[in-house]
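In case you want the letters, here they are:
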Amino acid sequence: RLQAKEHLGKYANSLDCVQKLCREEGLLAFSNGLSATIGRNSVFNCVYFTVMYKIKQVSPTPQDSKVKATVHSLVTGFVGGVMATMCNAPFDVVKSRLQAQCPK
């Protein structure tokens, strides 16, 4: 909430935000967007590890050189991370909007 446009100037600092949130909305306010966060992380992990597994299945890690093995690992992680982030972005937007909402 500290970064949301709707709340600019409402909180002096992080501690002030926590205190006002507890006082005005109760402790359950801290769980706003939790299900969206779990969903977002699930999508990311499913895509990331599936892509990495498939790449390693198609292109096994070279055993003849530590440099080649390191480069292979970096490229595999990069491709997995990019693919997972592309699939994850819409869920991240939903999560952020849910967490920034004020109670009605």
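Residues numbered from 1 in each chain as written. Predicted model: local features only at pLDDT ≥ 70, side-chain atom pairs only at ≥ 80, totals over all residues. Heavy atoms only, no water.

Asker: I would appreciate a short explanation of the overall build of the protein in the present structure.
Answerer: Helix and strand counts for the protein stand at three helices and zero strands. Its C-alpha atoms give the protein a radius of gyration of 20 Å, more than 25% over the compact-globule value 13 Å for 104 residues. Principal-axis analysis of the C-alpha atoms places the extent of the protein at approximately 60 × 25 × 20 Å. Put simply, the protein has 104 residues, and 23% of those count as buried. (Helix = DSSP H or I, 4+ residues; strand = E, 2+ residues; numbered from the N terminus. Rg over C-alpha atoms; globule rule 2.2 N^0.38 Å. Buried < 20%, exposed > 50% of the residue type's maximum accessible area, 1.4 Å probe, protein only.)

Asker: Hey, could you run me through helix α3 (residues 66-100) in this one?
Answerer: Note that an α-helix has 3.6 residues per turn; residues three or four places apart therefore point the same way. Where α3 bends most, at N88, the angle is about 45°, and the proline P90 comes one to four residues later. Within α3, burial applies to H72, T76, G80, G81, A84, N88, K95 and A100. Sitting at the amino-terminal end of α3 is S65, which places a side-chain oxygen 3.2 Å from the backbone nitrogen of V67. (Bend = angle between axes of the 7 residues up to and from the residue. Polar contact = N/O pair within 3.5 Å; in protein donor to acceptor, adjacent residues only side chain to side chain.)

Asker: What should I look at first to understand helix α2 (residues 34-58) in this one?
Answerer: Here α2 contains 25 residues, and its C-alpha end-to-end distance of 36 Å stays within 8% of the 36 Å for a straight helix at 1.5 Å per residue. The set of residues buried in α2 consists of A36, T37, R40, V43, V47, V51 and M52. Buried residues along α2 sit against α3. (Expected span 1.5 Å × (residues − 1). Contact = heavy atoms within 4.5 Å.)

Everything listed here is a matter of coordinates, which is why it stays silent on function.
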